[in-house]
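Examining the three-dimensional arrangement
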Amino acid sequence: MDLVVNGDRHTLEMDPRTTLLDALREHLGLTGAKKGCDHGQCGACTVLLEGRRVNSCLILAVTLDGASVTTVEGLAHPVQEKFLEHDGFQCGYCTPGQICSSVGMLDEALSDDDPPELSDAEIRERMSGNLCRCGAYPNIVRAIREVAAR
Amino acid sequence: MKTFTYRTATALDDGLEPGATFLAGGTNLVDLMKLGVATPEVLVDVTKLPLDEVTDLPDGGLRIGAGVRNSDLAAHPRVRRDYPVLSQAVLAGASGQLRNMATTGGNLLQRTRCRYFMDATMPCNKHSPGSGCPARSGDHRNLAILGGSSSCIATHPSDMAVALTALDAVVQVSGPAGARSFPLGDLYLLPGETPHREFTLEHGELITAVDLPGGSGSSAYRKVRDRASYAFAVGSVAAVLTVAEGTVTDVRLAFGAVAPKPWRAHAAEEALRGRPATRESFLAAADAELAAAEPLRDNAFKITLIRNLVASVLEGLS
Amino acid sequence: MTATSERAVGQPLRRIEGPDKVTGAARYAAEYQVGDDLAYGWVAQSPVAGGTLTGVTVDPLVEADDVLAVLWHGNAPRLAEGDDPELAVLQSDRISYRGQALALVVARTLEAARAAAASLQLSIDPSPADTVLSFARDDLYTPEKVNPDFPSETSTGDVSAAFDAAPVRVDVTYSTPALHNSPMEPHATTALWEGDELVLYDSNQHPPGVAATLATLFELPPERVHVITEHVGGGFGSKGTARPNAVLAAMAARVTGRPVRLALPRQALFSMVGHRTPTIQQLRLGATPDGKLTAIDHLAVAHTSRLFEFAEQTAVTTRHLYEAPAVRTGHRLARLDMPTPRWMRAPGEAPGMVGLECAMDELAIALSLDPIELRVRNASSSLLTDCLRHGADRFGWHDRDPRPRQRRDGDWWIGTGVASATYPAMVQPSTARARRLSTGDYEVSIAAADLGTGARTVLTQIAADALDVPHDRVRVRIGDSTLPFASVAGGSSGTASWGWAVTGACRALRDSGGSDEATFDSSDLVEQLNQEGKHAYGAHFAEVRVDAVTGEVRVTRLYGLYAAGRILNPRTARSQFIGGMTMGMGMALHEEGVLDPNVGTWVNHDLAEYHVPTHADIESITAEWLDDAGEGQNPMGSKGIGEIGIVGSPAAIVNAVWHATGVRVRDLPVRLDKLLPHL
């Protein structure tokens, strides 16, 4: 099967049980997407699939022949600088997922037929699929808010 | 996860070989396969089928393709305008990421979150028929007060399905024996003595669409959970209400997280139709439905919760 | 040498490893590329809480092409005896808790390892399991010491007489559930043998400690175990010592001759890596009518395991926070067929202060006295008084109607609550080395671990000031057991301990008159220190709203004011404080291990069912601090800040819920079903 990751096409042959997350981490050496729970319950594995944020731990790679995936390694987005400025992380393990999720979330809001106002409460709700045990939430929201305001 | 073979479905009536299961968004099935609770031998991927459209029906209703992703459904202009209960319910479920993956058909067919069912090393009459139900004497705070049996008190975890139940949704199904349709409530089986049988679909039948009738009243969904977001419901209410001159002329109510299926509250509706749209009537209607509740040691609070929710949601709509 | 006009310490320097963390370049233990023959381990865990493993049957048809080894006590290499019986993995047939590692599958692929582990037939003779903690048990015993080395019991004055004679009394029982650290990165190890040397990429809070433990178990000279811990995805105590994953990975690598990666699945973290013990606490407070405490009596019951005694120091804070002529504290333990409890952020202080600070709130109500005033009248430290008084001003406490169930906004009951906070200021011996590089920059090395605390960053600041150079000329190397010895990243002692060693090494280099390297060991100085009675203090304030329709609780504001020594980096310090407060909110409202005694374990063992706070739960959370420089007893003047945020913040929320609703919940967490019948 073919998979385009961060613009590079890869031809992969793998166990049909392999998830997109394990394909990235164990087969392509792209360890930016993290395995926090492996069951869609934490968001650390969030990547962009055809531009939409998804949990890569719950997608079988074999279903993605020809698809295009963007991981944190393939991003160059202003939100990353804002995470540094506002200390939007401590241990950093949820961070790639938070960043991919926020990029996807901002796109969702922009492309909405009736674009929502991204208040702090709205950002918090839309980002709730990304757990942060270090409790960097207010800093993450501040980082996203400043990008959203542009 | 046990080994399986993977193929892509090419037609709606493809059917399924023995031991095979359809795969759509995968948010529930892949999860259960990793846990060893689901062990399909063949996965038939239906996401390449042309089932991802939302189209207007001639009667003013709406046809939602079974492959429509939850996030697209919630954001669809007609759903937002005409069926707010549905948009609200979908957005109350899961997370942005999961809603980008999960499909309409898959959501209806998701399995219970009962903690014993989700653990293959535990006894459970649903995943291991005859092994017993530890929940009745064990952890059942978030399990059924309505529709359960001595064999199983699992709850259906969907938010979306609760809204669809209140909207009188009709399920379109296709399979080797042809196409058919039926009310959503008929999709689900109550556990009785056979809690491992959950759906009325024949092997190889595929949900292709869900139809919503037109001309609903005002509607709303309210979900209660143990944290502010990203959690399954502890209780929820979907309501569609029409009031004329202070009198309830039409009402449809469904409850979530209290029964093995999205629970259509027929007794409550009957008690309310033609009654004044007042808090007293709403509470009496809730009581009419909840009289059948059979709570256990730790889940009786759901009676109060649903009763309060019914009154609050209906007051908000009237 | 360049003179700097501005000192680095005290500046809000950004995290040095931040760019790596926001681009995915930072590597964690399971992410190192270690060759083409990497194998994967998967643990088969016990499905019963007690019994004997009599055999393991492997289905030869399952994953036959990929399975490299199936290890269990019948065939696993023998380990030498160590200090921690839970690390004696696959060494005996005895099953001591549900979830214990009984076998390990090693396979060429992750998928094969998982499937083969699930297919193993474990032959077990089960025995009845005893898993329920209660005050009524007749086998409770008094441990000799409580963690880390406190006396189990203390008593001054005649508490019973003083309590009986007190005009105003509170006699209450509070309980807290089992809690799970739940760091975002599950415990993981990548192990390989390079000749006789064992190399472990391991996620832990103490690389030299893990190296020493593995050296003991595998009978190696300590210098032949190399633990690399560059980044750690959180630990919160659960990675303070080697966990079974490190031992199993090393064992599997030895047996297969391959590098082996073992990342525990999330579910295994709920049994294999430690947890916070549940507690049941009896509190009796006596006071004069004007609010002077005359008797404090705090007895705490917790559990330990059959394998190992861990005695949490639940009541220790009660010994010093308030002054009273009669104070008695004690601890009782039950040995259960459960995993051994371990450290979780502020072990002892966090649950103990739920009991004490909620009981103080109840006493204030009984006295018709403002709860801040009650605390101030009895505080043992003026720092605590300062935090309470100034915090009250900044939070906006003074207009508060003391009566419960008075403020209502639509369906929401609104209330506020307060609680004190404290945490010991600890220092431990460490060693650091400073080198002048040929580029003119400096390299400072110490085997510390940065679990997200900002250690790498703050040590850079400390070193820069001690060397009197700009911080960008200092490279700090940490996270490697072969570097000079560092104490554990625990007990909020990391920065104080490592910073002292770093300061010493850098000053020695600066003052050496041209040497290229200096090393400093703080052991002698630390041993001379009298650490008793040194604490950080704080006050937590919460505003909550409770939905009268549903019983749902939302924390609209959580505010903490601290006196915690000199704050070395305000950016990372603030994150530490609010992180602790966030976990405190989880403790108050969401988190609990739900025990089913019939199956002998907590049945909510994943992140969908064990609820930690989400983005949406954190509406407003603020941390500030008072100037407390000079109080810290180390060259930086710092105190620990990693844990105090979770001490008292749960009680502030519980007290606010009472104020909002008039409902006093004494068993955490404050779930909606406990409130709903009373609203």
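As the structure is a prediction and not an experimental result, all values here were calculated from the model.

1. Quick word on the overall build of chain C
Counting its regular elements, chain C contains 14 helices and 28 strands. Principal-axis analysis of the C-alpha atoms places the extent of chain C at approximately 75 × 70 × 50 Å. Of all 679 residues assigned to chain C, the portion counted as buried reaches 67%. Taken together, the 60 basic and 83 acidic charged side chains of chain C have centroids lying 3 Å from each other.

2. Let's talk about the interface of chain A and chain C
Counting from both sides, the interface comprises 51 residues of chain A and, opposite them, 62 residues of chain C. The contact between chain A and chain C buries some 4400 Å² in all, and 51% of this surface belongs to carbon and sulfur atoms. Considering only the side of chain A, the residues that lose the most area to chain C are Gln90(A), Arg133(A) and Tyr137(A), jointly responsible for 20% of the buried surface there. Remark: the boundary between chain A and chain C carries eight salt bridges. Note that Glu591(C) and Arg133(A) form a salt bridge whose closest N and O atoms lie 2.6 Å from each other. Secondary structure elements with two or more residues in the side of chain A that touches chain C: α1 (20-27), α2 (78-85), α3 (95-111), α4 (120-126) and α5 (137-148) of chain A.

3. Looking at the interface of chain B and chain A
Listed by partner, the interface residues are 33 residues for chain B and 30 residues for chain A. Of the roughly 2500 Å² buried where chain B meets chain A, counting both sides, 51% is carbon and sulfur surface. Per-residue buried area on chain B facing chain A is highest for Lys34(B), Gln97(B) and Tyr230(B); these three make up 27% of the total on that side. Arg80(B) is the partner of Asp112(A) in a salt bridge, and the nearest nitrogen-oxygen pair spans 2.6 Å. Joining chain B to chain A, the criterion identifies 17 residue pairs in polar contact (both at pLDDT 80 or more). Secondary structure elements with two or more residues in the side of chain B that touches chain A: α1 (29-34), β3 (42-45), α2 (70-75), α3 (77-82) and α5 (96-101) of chain B.

4. Some points on the UniProt feature "domain: FAD-binding PCMH-type" (unreviewed entry) in chain B
Residues given the UniProt feature "domain: FAD-binding PCMH-type" (unreviewed entry) here are residues 1-217 of chain B. Within residues 1-217 of chain B, the helical portion is 21% and the strand portion 18%, while the C-alpha atoms at the span's ends are 46 Å from each other.

5. Overview of the state of the cysteines
Scanning all chains against the criterion turns up zero disulfides over all chains. In this model Cys45(A) remains outside any disulfide bridge; the closest cysteine sulfur is found in Cys57(A), 3.8 Å from its own. By relative accessible area, which is 4% here, Cys45(A) ends up buried. There is no disulfide at Cys114(B), and the cysteine sulfur nearest it, in Cys124(B), is 6.0 Å away.

6. Side note on the packing of aromatic side chains
Residues and elements named next belong to chain C. Using the criterion set out here, one finds 10 aromatic pairs over all chains in the structure. Measuring from centroid to centroid gives 5.5 Å for Phe270 and Tyr610, while their planes differ by 65 degrees, and the two rings are edge-to-face. Remark: Tyr610 occurs in the loop between β27 (601-602) and β28 (621-625) and Phe270 occurs in the loop between β14 (260-263) and β15 (279-287); sequence separation between them is 340 residues. The exposure class assigned to Phe270 is buried, which follows from its relative accessible area of 4%. When the ring of Phe577 is compared with that of Trp625, the centres are 5.7 Å apart and the planes differ by 35 degrees; the resulting orientation is tilted. Of the two residues, Phe577 is situated in helix α12 (residues 570-589) and Trp625 in strand β28; the sequence distance between them amounts to 48 residues. On the basis of relative accessibility, which here comes to 26%, the residue Trp625 falls in the partly exposed class.

7. Some remarks on the domain arrangement of chain C
Residues and elements named next belong to chain C. Partitioning chain C into domains gives domain 1 (18-27 + 426-528) and domain 2 (32-128 + 182-270). Computed from C-alpha atoms alone, the centre-to-centre distance between domain 1 and domain 2 is 32 Å. Every contact between the two is made by 19 residues of domain 1 and, on the other side, 20 residues of domain 2. When the two sides are added together, the surface that domain 1 and domain 2 hide from each other amounts to roughly 1500 Å², 54% of it contributed by carbon and sulfur. If you sort the residues of domain 1 by the area they bury against domain 2, Arg27, Leu451 and Ser481 come out on top, with a joint share of 39%. Here domain 1 and domain 2 share zero salt bridges between them.

8. Re the domain arrangement of chain B
When the domains of chain B are assigned, the result is domain 1 (5-44) and domain 2 (218-317). Centre-to-centre, using C-alpha coordinates, domain 1 of chain B lies 35 Å away from domain 2 of chain B.

Analysis parameters
Residues numbered from 1 in each chain as written. Chains lettered and ligands numbered in written order. Predicted model: local features only at pLDDT ≥ 70, side-chain atom pairs only at ≥ 80, totals over all residues. Heavy atoms only, no water. Helix = DSSP H or I, 4+ residues; strand = E, 2+ residues; numbered from the N terminus. Buried < 20%, exposed > 50% of the residue type's maximum accessible area, 1.4 Å probe, protein only. Lys, Arg positive; Asp, Glu negative; His and termini not counted. Charge placed at Lys NZ, Arg CZ, Asp CG, Glu CD. Contact = heavy atoms within 4.5 Å. Buried area = accessible area lost by both parts, 1.4 Å probe. Salt bridge = Lys/Arg side-chain N within 4 Å of Asp/Glu carboxyl O. Polar contact = N/O pair within 3.5 Å; in protein donor to acceptor, adjacent residues only side chain to side chain. UniProt positions renumbered as here; feature names shortened; annotations may be inferred. Disulfide = S-S within 2.5 Å. Phe/Tyr/Trp six-rings, centres within 6.5 Å; stacked < 30°, edge-to-face > 60°. Domains from an automatic or database assignment.

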